[in-house]
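Chain by chain, the residues run as shown.
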Amino acid sequence: MGCPKCGQPVFLFNGYMTGIEFSRSKNGAETCTVNNKFLHSSYNPQNEAERFVNSVECTFFPKAVFINEPAMSYCIPFLRARFPGSKITAIRYSRAFDKWNDFFDDTLYFEPGKEQFFETQLFQKNGEDVLCASLFLSWTPSANAFPEHEKNIWKSIKNTLQKCNALIATKSCFSRRWIKNAVTFCMNVKKAASIVPFHSPVVIAASGPSIEGALPFLQKFRRKYILLCVSSALSILEKNNINPDFVLSTDGGWWAKVHLRPLEKNKIIPLALPPEAACQKNILHNSTIIPLDYSDGIESEILHIWTETCGISCLKAMRNGTVSGTAAELALSLTDGPVFACGLDLAENKGFQHAQPNMIETKASSTDTRILTTETRQAKSRFYSGSLHIYRDWFSAESRRLAERFFRLSNSFPYKNTLGNIQDADFSLFKEKVSRFSDADKKCLFSCEKHIQKKDIKSVQQKISSFIDRESRTERWLKTVFPTDVIMIEKTKDSAEKQKKKDELLRKNDEFSSELRKLIYG
């Protein structure tokens, strides 16, 4: 857009139309101003850019360099000379400088009020591994000319880096556990099955307090729908004599095993699991397992060795931060009928945070005393939960796609939040939606049941062991298993210190590989 008076490029800044005026500096190079503030020197823009780059303090080798509104981009040759091999990205405040974008490896645009979009683009284009090893800069004249942009963009960068650090921390904490779980899965499952797509309605049972008022209605209409139970709600259904058609667990932590304890006695209920999920060996031995495949990561590759060797079919599943999200995607992929979620509160709650009985609560309550009371323990969970906020945001963000067939179901429960376009349904709507379905629609739900033979297990042992021998010292493996260590090595400049860290990393990796072989051969 051009200024109606002078025709120069303009954009809105602090609510005012601001012209960017181009002119010549004393040495003949082009320069420009915004509101009479120079974005480049009026004497020698090249020397100014060189001094800027030389003044940058950086104690590591950045994978990427991001510079906030470099304007006419005089700094780019000096950045490339100082940081060879680094991806250099311009973060623009205005389209007025688009003709200089080709000097950069990538360009992002930032606009106050659209911070979430910028953060999403920043993360999707680079990922946590790159961003956690990146250098972020502001072109000083632009920072002075656009103070509101400058303030807001650093908040967005901080938010994105916090997300990246959380992901790296999660991978550092759990990546080895996930791979161990995958090996344990492949060595211990004795009976596997898949699910045939169907037309019946599905009810997903989650463990929010709202499910308690819905239980009588779930019993009343039980023959009208397929019941998918997330693991945390299993004890609630068991207490009320409601058998799910199958259970879903996706978590790799110890608490997932606690939720699955009812399956140690009830061996009839099938269990859907991705290979990285934590599960007791005796449940893997005795229950019918429905393998779920995320089709990403080392765990999935180990799963594929097992399925191809044993002739087993997997269900495709979508990785999600919450098991309820994975359950929603899975249910919608299996049926062309409506899907209802009970207990999907996703909100902090006074008293118990989950419907009772809850296996984690039962375990935790065993250590309560008169000094460290149940009330004190529960009070901590009543405060704001960042995880619940993330889960609500996911359902809200996906609500336009989900809303046609996905409903949140309760007996008129007063929810504390909405989930975007997802409709909150009561049992009058539920009855209307399921009325045309009969119990006959639920027959032949499971297919391709397969009993694993001993000869198959021996072959799987050999193939997974060979896979570990082949892959365990590759860059991809090390980045997956020890992400924090790899980032620290990449950021280290001193050669001796770098080699010391590499040696320590390889030592830890060899120990981990030995642990995996013990799991393989028992």
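Structure shown above.
Residues numbered from 1 in each chain as written. Predicted model: local features only at pLDDT ≥ 70, side-chain atom pairs only at ≥ 80, totals over all residues. Heavy atoms only, no water.

Asker: Any chance you could break down the overall build of the protein chain for me, citing the residues and the numbers?
Answerer: A count of helical and extended segments in the protein chain gives 20 helices and 19 strands. Looking at the 522 residues of the protein chain, the share that counts as buried comes to 51%. Taking the intrachain contacts of the protein chain between residues at least 6 apart in sequence as the baseline, contacts between residues at least 24 apart amount to 65%. When the accessible surface of the protein chain is summed, it comes to about 25,200 Å², and 52% of that surface belongs to carbon and sulfur atoms. (Helix = DSSP H or I, 4+ residues; strand = E, 2+ residues; numbered from the N terminus. Buried < 20%, exposed > 50% of the residue type's maximum accessible area, 1.4 Å probe, protein only. Contact = heavy atoms within 4.5 Å. Areas by Shrake-Rupley, 256 points an atom, 1.4 Å probe, with all protein chains shown as cover.)

Asker: Now, about the nonpolar core: what can you tell me, with residues and values included?
Answerer: Among the nonpolar cores identified, the biggest contains 100 residues, and Ile204, Trp306 and Phe406 are the most heavily contacted of them. Beyond its immediate stretch of four places on either side in the chain, Ile204 contacts Leu228, Val230, Ala327, Ala328, Ala331, Val339, Phe340, Ala341, Cys342 and Phe406. Formed by 49 residues, the second largest nonpolar core is a distinct cluster that contains Val34, Ile76, Leu122 and Leu135. (Core = buried A, V, L, I, M, F, W, Y, C linked by side-chain atoms within 4.5 Å.)

Asker: Describe the sheet that holds strand β7 (residues 106–109), listing the residues and the values that go with them.
Answerer: What the four strands build is an open sheet, ordered β7-β6-β5-β8; its pairing is parallel. Because the sheet does not close on itself, it has two edges, and the strands there are β7 and β8 (134–138). Across this sheet, the average inter-strand angle for adjacent strands is 20°, counted without regard to direction. Bridge analysis of strand β6 (residues 87–92) against β7 gives four bridges, and the strand direction is parallel. By the bridge assignment for β7, Ala90 is matched with Thr107. Those strands touched by helix α3 (residues 115–131) are β5 (64–68), β6, β7 and β8, and its axis lies near 135° from that of β7. (Pairing = 2+ DSSP bridges. Axes fitted to C-alpha atoms, helices over the stretch in contact; angles between N-to-C directions.)

Asker: So what's going on with unusual backbone geometry? Which residues, and what values?
Answerer: In the Ramachandran plot, Ala71 falls in the positive-phi region, its phi being about 55° despite a non-glycine side chain. Within the secondary structure, Ala71 sits in the loop between β5 and α2 (76–82). Using a relative accessible area of 0% as the deciding quantity, one classes Ala71 as buried. Positive phi outside glycine occurs at Ser295, with the angle close to 60°. Relative to the helices and strands, Ser295 is located in the loop between β14 (289–293) and α10 (297–310).

Asker: Can you explain the environment of Val486? Please cite residues and give values.
Answerer: You can see Val486 is positioned in helix α19 (residues 483–491). A sequence separation of 357 residues divides Val486 from Asp129, and the C-alpha atoms of the two residues are 9.4 Å apart. With sequence-adjacent residues up to four places away left out, Val486 is seen in contact with Leu478, Lys479 and Leu505.

Asker: Let's hear about the packing of aromatic side chains: which residues, and what values?
Answerer: The full count for this structure, using the stated rule, is 24 aromatic pairs. Each ring, one from Phe217 and one from Phe427, has its centre 4.7 Å from the other, and the planes form 20°; the classification is stacked. With Phe217 in helix α6 (residues 211–220) and Phe427 in helix α16 (residues 427–434), this residue pair connects regions lying 210 residues apart in the sequence. For Phe427, a relative accessible area of 7% translates into the label buried. Ring geometry for Phe427 and Phe430: centres 5.4 Å apart, planes at 70°, overall edge-to-face. Of this pair, Phe427 and Phe430 both sit in helix α16, three residues apart, which is roughly one turn of that helix. Side by side, Phe427 and Phe430 carry an identical accessibility label, which is buried. The structure contains a cluster of three or more aromatic residues connected by ring pairs, namely Phe217, Phe221, Tyr225, Phe340, Phe407, Phe427 and Phe430. Over the aromatic face of Tyr109 sits the side chain of Arg95, whose NZ or CZ is 3.7 Å from the ring centroid. Sitting above the plane of the Phe61 ring, Lys493 keeps its charged end 5.6 Å from the centroid. (Phe/Tyr/Trp six-rings, centres within 6.5 Å; stacked < 30°, edge-to-face > 60°. Lys NZ or Arg CZ within 6 Å of the ring centre and 35° of its normal.)

Asker: Describe empty space enclosed by the protein, naming the residues involved and giving the relevant values.
Answerer: Sizing a probe to match a water molecule and rolling it over the atoms shows the empty space that remains. Scanning all chains against the criterion turns up one cavity of 30 Å³ or more. Here the largest cavity is characterised by a volume of approximately 30 Å³. Residue lining of the largest cavity: Lys63, Asp129, Lys479, Pro483, Val486, Ile487 and Glu490, and that is the complete set. When the residues that make up the lining of the largest cavity are grouped by side-chain class, the tally is three nonpolar, no polar and four charged. (1 Å grid on protein atoms, 1.4 Å probe; cavity = no way out; pocket = protein on both sides within 12 Å on 5 of 7 lines; lining within 4 Å. Points joined across faces, edges and corners; volume = space filled by probe spheres on them. Nonpolar A, V, L, I, M, F, W, Y, C, P; charged D, E, K, R; others polar.)

Asker: Break down the pattern of salt bridges for me, with residues and values.
Answerer: Under the defined criterion, the tally for this structure stands at 27 salt bridges. For Asp105, the salt bridge is made with Arg80, and the minimal N-O distance between the two is 3.3 Å. Of this pair, Asp105 sits in the loop between β6 and β7 while Arg80 sits in helix α2, placing them 25 residues apart in sequence. Judged by its relative accessible area of 43%, Asp105 is partly exposed. (Salt bridge = Lys/Arg side-chain N within 4 Å of Asp/Glu carboxyl O.)

Asker: Please give an account of helix α11 (residues 323–334) that cites residues and values.
Answerer: Between its terminal C-alpha atoms α11 stretches 16 Å, which fits the 16 Å expected from twelve residues at 1.5 Å a residue. The buried fraction of α11 amounts to ten of the twelve residues, a majority that puts the element mostly inside the structure. Of the residues making up α11, those classed as buried are Ser324, Gly325, Thr326, Ala327, Ala328, Glu329, Leu330, Ala331, Leu332 and Leu334. (Expected span 1.5 Å × (residues − 1).)

Asker: Hey, could you go over α19 for me, with residue numbers and the actual values?
Answerer: The set of residues buried in α19 consists of Pro483, Val486, Ile487 and Ile489. All buried residues of α19 lie within an arc of 160° about the axis, which places them on one face of the element. Buried residues in α19 make contact with α3, α5 (147–188), α18 (475–481) and α20 (495–521). (Arc of directions from axis to C-beta.)

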